[in-house]
Amino acid sequence: MKIQTLSLTLLLIIFWLLNSGLFKPLIFILGAFSIVLVLFISSRMKVIDEESQPLHLTKNIPAYYAWLLKELVMSNIKVVSTIWQGHLQLQPALATIKMDHLSDMGKVIYANSISLTPGTVTTDVTENSITVHALDKSSITDIQSGAMEARVRKLDN
Amino acid sequence: MSMVTTYLSWALLVLGGFLCVSGSVGLLRFPDFFTRMHAASVTDTLATGMILAGLMLQAPTWIVFGKLVMILVFVLLTGPTAGHALAKAALHSGLKPLLPGKSGKIEADTHPSAGGV
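Because the structure is predicted, anything quoted here is derived from the model rather than measured.

Parameters and conventions
- Residues numbered from 1 in each chain as written.
- Chains lettered and ligands numbered in written order.
- Predicted model: local features only at pLDDT ≥ 70, side-chain atom pairs only at ≥ 80, totals over all residues.
- Helix = DSSP H or I, 4+ residues; strand = E, 2+ residues; numbered from the N terminus.
- Rg over C-alpha atoms; globule rule 2.2 N^0.38 Å.
- Buried ≥ 20, exposed ≤ 12 C-beta atoms within 10 Å, placed from the backbone.
- Contact = placed C-beta atoms within 7 Å.
- Nonpolar A, V, L, I, M, F, W, Y, C, P; charged D, E, K, R; others polar.
- Axes fitted to C-alpha atoms, helices over the stretch in contact; angles between N-to-C directions.
- Left-handed = near helix turned anticlockwise from the far one by under 90°.
- Domains from an automatic or database assignment.
- pLDDT = per-residue confidence, 0-100.
- Pairing = 2+ DSSP bridges.
- Core = buried A, V, L, I, M, F, W, Y, C linked by C-beta atoms within 7 Å.
- Expected span 1.5 Å × (residues − 1).
- Parallel < 35°, antiparallel > 145°, perpendicular 65-115°, else oblique.
- Bend = angle between axes of the 7 residues up to and from the residue.

Caption draft 1: A look at the overall build of chain A. When helices and strands are counted, chain A shows 6 helices and 4 strands. Here the C-alpha atoms of chain A give a radius of gyration of 21 Å, more than 25% beyond the 15 Å that 2.2 N^0.38 yields for 157 residues. Counting only C-alpha atoms and orienting by the principal axes, one finds that chain A spans roughly 65 × 40 × 25 Å. Looking at chain A residue by residue over its 157 residues, the buried ones come to 26%.

Structure (structure tokens):
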């Protein structure tokens, strides 16, 4: 049995128990049946692999999340202060930014992190560049500095 | 529940509520589709996060706590995905983002599509 199958089974068990909250034999039987059904369908669909279960990231992801949370709070403060500005003066920007040496998973995490932080949204991802729309052009400079890209690359190894 | 958790929980709830309102105000004040999306993402991320964190502190059982964590994870995963899909669709259907000209800045409140507060 693959390690991904094991982790999916565990996740499904936790998911079922949390959602039902009922600890009765009948519910357990129904849960076991559902989990086996889901496992059967997903193995038939061949989606149980390191792309749907990125276990190799587990080691590094808590540090990345902590850093992303800090970035999230900072950019939220920036956007909220822009919103409450007396006289709105915006400098939005659309820019294509180069990136290199990221795996497919890395690209997804990178683009999603940019979209998640308020003030920036990824509009397109290609093989070696991303297109970003930003509320303020200083955010584009921040992304170009490559701090986030370096973090994502570290996460992936 | 101790006094400290109650106060902390309410502080988070109130702050989250304020951020929700900020997001809506931004949605009305900002001039075009793309900038408005940035305002909406404030509500998506920190506002929801703070309200859910405040509720987690008041959770009576671990089951409720776990469900709140699941909601938070779901919101944080779907928010950027939906935002990206919207922005990409808008660009592909030919909507041009409002960009500052040579003078440098956009006078947002004077733009015809501005909601104006």
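Caption draft 2: Seen up close, unusual backbone geometry. Residue and element names in this part refer to chain A. Despite not being glycine, K46 shows a phi value in the positive range, around 55°. Mapping K46 onto the fold places it in the loop between α2 (25–44) and α3 (61–83). We classify K46 as exposed; it has 7 C-beta atoms within 10 Å.

Caption draft 3: Highlighting the interface of chain A and chain B. Listed as interface residues are 27 residues of chain A and, on the opposing side, 35 residues of chain B. For the side of chain A that touches chain B, the secondary structure elements donating two or more residues are α3, β1 (89–90), β2 (93–98), α4 (104–116) and β3 (120–125) of chain A. Among the residues making up the side of chain A that touches chain B, the classes are represented as 16 nonpolar, 10 polar and 1 charged.

Caption draft 4: How the structure looks around the packing of α4(A) against helix α6 (residues 147–156) of chain A. Residues and elements named next belong to chain A. Two elements in contact, α4 and α6, have axes whose closest approach is 10 Å; the angle formed by their N-to-C orientations is 140°. The element α4 and its partner α6 pack so that their crossing is right-handed. From α4, M105, G106, I109, Y110 and S113 reach across to α6, where they touch M148, E149, V152, R153, L155 and D156. Residues of the contact of α4 with α6, tallied by class, amount to 6 nonpolar, 2 polar and 3 charged.

Caption draft 5: Quick peek at the domain arrangement of chain A. Here the domain parsing of chain A yields domain 1 (3–44) and domain 2 (57–156). One C-alpha centre belongs to domain 1 of chain A, the other to domain 2 of chain A, and the line joining them spans 35 Å.

Caption draft 6: Quick look at the confidence of the model for chain B. Across chain B, pLDDT averages 85, with 85% of residues at or above 70. Model confidence for chain B, summarised as mean pLDDT per element, is weakest for strand β1 (residues 106–107) of chain B at 58 and strongest for helix α1 (residues 3–29) of chain B at 94.

Caption draft 7: Representation of the confidence of the model for chain A. Looking at chain A, pLDDT values average 89 and 99% of them are 70 or higher. Put simply, β1(A) is where chain A has its lowest mean pLDDT, 83, and α2(A) is where it has its highest, 94.

Caption draft 8: Spotlight on the pairing of strand β4 (residues 129–134) of chain A. All names here are of chain A. As judged from the 6 bridges shared by β2 and β4, these two strands associate in the antiparallel manner. From the neighbouring strand, A95 faces β4, where its bridge partner is V132. Sheet topology note: the β3/β4 ladder contains 5 bridges and is antiparallel. Counted as the bridge partner of T122 is V132 from β4. In textbook terms, the turn of a hairpin is the stretch between consecutive antiparallel strands, and for β3 and β4 this stretch comprises 3 residues.

Caption draft 9: Quick peek at the sheet that holds β3(A). One open sheet holds the 3 strands; their spatial order is β2-β4-β3 (chain A), and the pairing between them is antiparallel. Of all the strands in the sheet, the pair left with one neighbour each is β2 and β3 of chain A. With direction set aside, neighbouring strand axes in the sheet form an average angle of 30°. Each of β3 and β4 of chain A is contacted by helix α3 (residues 62–92) of chain B, which is oriented at about 60° to β3(A), the strand it contacts most.

Caption draft 10: The nonpolar core, seen in detail. Counting 28 residues, the largest nonpolar core has A:V79, A:Y110, A:V132, B:L19, B:V42, B:A47 and B:M50 as the members making the most contacts within it. Secondary-structure elements contributing two or more residues to this core are α3, α4, β4, α5 (137–144) and α6 of chain A together with α1 and α2 (33–57) of chain B. If you tally residues by element for this core, the top one is α2(B), at 6 residues. Residues contacting B:V42, with those up to four places away along its chain left out, are A:N76, A:V79, A:V80, A:P118, B:L19, B:S22, B:G23, B:G26 and B:A47.

Caption draft 11: Up close: α3(A). The terminal C-alpha atoms of α3(A), which comprises 23 residues, lie 32 Å apart, in line with the 33 Å expected from a rise of 1.5 Å per residue. Every buried residue of α3(A) is listed here: A:L68, A:S75, A:N76, A:V79, A:V80, A:T82 and A:I83. If you follow the buried residues of α3(A), they end up packed against α4 of chain A together with α1 and α2 of chain B.

Caption draft 12: Expanded view of the packing of α1(B) against α2(B). Residue and element names in this part refer to chain B. For the pair α1 and α2, interaxial distance at closest approach is 8 Å and the crossing angle is 165°. Judged by the inter-axis angle, α1 sits roughly antiparallel to α2. In the packing of α1 onto α2, the handedness of the crossing is left-handed. A per-class count over the contact of α1 with α2 returns 17 nonpolar, 8 polar and 1 charged.

Caption draft 13: Layout of α2(B). The terminal C-alpha atoms of α2(B) lie 36 Å apart, and with 25 residues this matches the ideal 36 Å at 1.5 Å per residue to within 8%. A maximum bend of about 35° is found in α2(B) at B:A47.

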